[in-house]
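Here's the letter readout for the chains.
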Amino acid sequence: MQNENYNRYVWIGLIATLLLVIATGFAWLSESDRLAAASKQAQKSHLTHGRTLYVDNCSSCHGTRGEGGAGNVLNSKQLLTTASDEVLFATILAGRPNTTMPAWGQINGGPLTNEDIRGIVSFLRAWEPTAPEIVTAMQPSAVRGATLFAGSCAICHGDEGKGGSAPSLNNPTRLKNMNDDWYRQTIVNGRPAKGMPIWNSVLASNQVDDLIALIGAWRKGERVAPATTVANMLDSALFSVNQNDSADALFYLRKAKPLAFGPAAARFDPIISQIEKDQLKQALTDLGALRNNWPIGDEKNGQKVYKDACSGCHGSEGQGGVGRKLKPNEFIQKSTNAEVLRLLFAGRDGTAMRSFTGKLSEQQLADAIAFLRAWQK
Ligand code: HEC
Ligand code: HEC
Ligand code: HEC
């Protein structure tokens, strides 16, 4: 009898517990809805706060909708998909030295707290889904201009624009009389009837900006050394062969050959003689292959270059640190030497991976690449 009674209580207890579980279950559910709504609300006010700060502090240079002005375009797919929140945060916090972009963080003497900056980052981030495909303008560079000039213009206008088959451009009187807009128009539209090509469809607008920066430097009487590399010349030669322009291709290959190094240097003469014999199809194949393998460096020398210039960020054993893990590394495995070299010369915008242009020679970078290749085996 007593047993039966107990059983009853057990059942009642069990059902009560079940009901409780169901009830709290619903409570939990509605609680998580409530939390989500609250966090959405918090995010919204975070964003509103960010918008107010942006309008007050940033829009004068970057435009009310991030369209740019004295400051870069910020409402751009290119920038927002490549720059992480951390990068945006760090840029706003610390500013950009030697530009008009100030440091905004209080720890850098600016007016904004970390919380304020996080609000601005959320505000910028909200543009991402609808951001237009604008390639953020790079600051024009006379050195890049000089490099482009050496690869595309010097063939007619002479080294440093001192004149050749086409008139001298580095000419003080002319430079004084004509302004940047005139030069821009002349370059973009060319004078096809007089043998000056139309560059409009060949050069990107930021490349024209670089040329205008070079012309500006010439106007001030400055000399600008091109950061010419064998890799650039091979690009120009390949472009010329593709256009069936043997004369130009030979010009670039003959210029590149004395600068070439390593085992690939032996591959220039055969290609030059193919072009001289008008075997352009074969030349195109061999030149294309050379372009993709270039440069072939020395693994042993590369070890020292790596230790001095790369290990601080990528780790002495390539294990990574501030920089990515390089032993092994998918980007290196998937890229040709030419592509890795391009990265080392250009750096990656918005990351600690800086450009090595002017800091390490093409040969030193080639050696570092050979060393990195050995790690991929
Ligand atoms: C006085 C003008 C000025 C103001 C005000 C200003 N900026 Fe800038 N900002 C610049 C310039 C110029 C650059 C480009 C610097 C360079 O050449 O690297 C820049 C760059 C940036 C970049 C990097 C963009 C890129 O493409 O890498 C970010 C992000 C940025 N600013 C955010 C802000 C925010 C947020 C504010 C307001 C808190 C702000 N800026 C206020 C002038 C300004
Ligand atoms: C195929 C040869 C050729 C190439 C390559 C060439 N130009 Fe020219 N360029 C000429 C000729 C020829 C003229 C003179 C046209 C005339 O007589 O009006 C000229 C004229 C000019 C002028 C006007 C000069 C003046 O004072 O009137 C500018 C500026 C110029 N070129 C810039 C460039 C730039 C920059 C490049 C490289 C992107 C370039 N050119 C590449 C042949 C060339
Ligand atoms: C100041 C730190 C720093 C130094 C010095 C540095 N790197 Fe980097 N490197 C980075 C960072 C950070 C990245 C990742 C960039 C990114 O987020 O895309 C990177 C990326 C790379 C990548 C691309 C890897 C990938 O997976 O996309 C290669 C290759 C590379 N570095 C090679 C080198 C070589 C070679 C040197 C020396 C000549 C060097 N780096 C020096 C910081 C550095």
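See the structure shown above.
All of these numbers come straight from a predicted model, not from anything done at the bench.

(A) Structural view of the site of ligand 1. Taken together, 22 residues form the shell around ligand 1, and within it C58, C61, G71, T99 and M101 come nearest. Counting only elements with at least two residues in the shell around ligand 1, the list comes to helix 2 (59–62) and helix 4 (85–94). By residue class, the composition of the shell around ligand 1 is ten nonpolar, eleven polar and one charged.

(B) Seen up close, helix 14 (residues 280–293). For helix 14, built from 14 residues, the straight-helix expectation of 20 Å at 1.5 Å per residue is met to within 8% by its first-to-last C-alpha distance of 20 Å. Among all positions of helix 14, only A283, L287 and L290 are buried. Relative to the axis of helix 14, the buried residues are bounded by an arc of 60 degrees and lie together on one face. Where helix 14 is buried, its residues touch helix 11 (230–242) and helix 13 (268–276).

(C) Structural view of the site of ligand 2. Near ligand 2 you find 19 residues, and of these C153, C156, A166, K194 and M196 are the closest. Contributions of two or more residues to the shell around ligand 2 are made by helix 7 (154–157) and helix 9 (180–189). In terms of residue class, the shell around ligand 2 is built from twelve nonpolar, four polar and three charged.

About the criteria used
Residues numbered from 1 in each chain as written. Chains lettered and ligands numbered in written order. Predicted model: local features only at pLDDT ≥ 70, side-chain atom pairs only at ≥ 80, totals over all residues. Near = placed C-beta within 6 Å. Helix = DSSP H or I, 4+ residues; strand = E, 2+ residues; numbered from the N terminus. Nonpolar A, V, L, I, M, F, W, Y, C, P; charged D, E, K, R; others polar. Expected span 1.5 Å × (residues − 1). Buried ≥ 20, exposed ≤ 12 C-beta atoms within 10 Å, placed from the backbone. Arc of directions from axis to C-beta. Contact = placed C-beta atoms within 7 Å.

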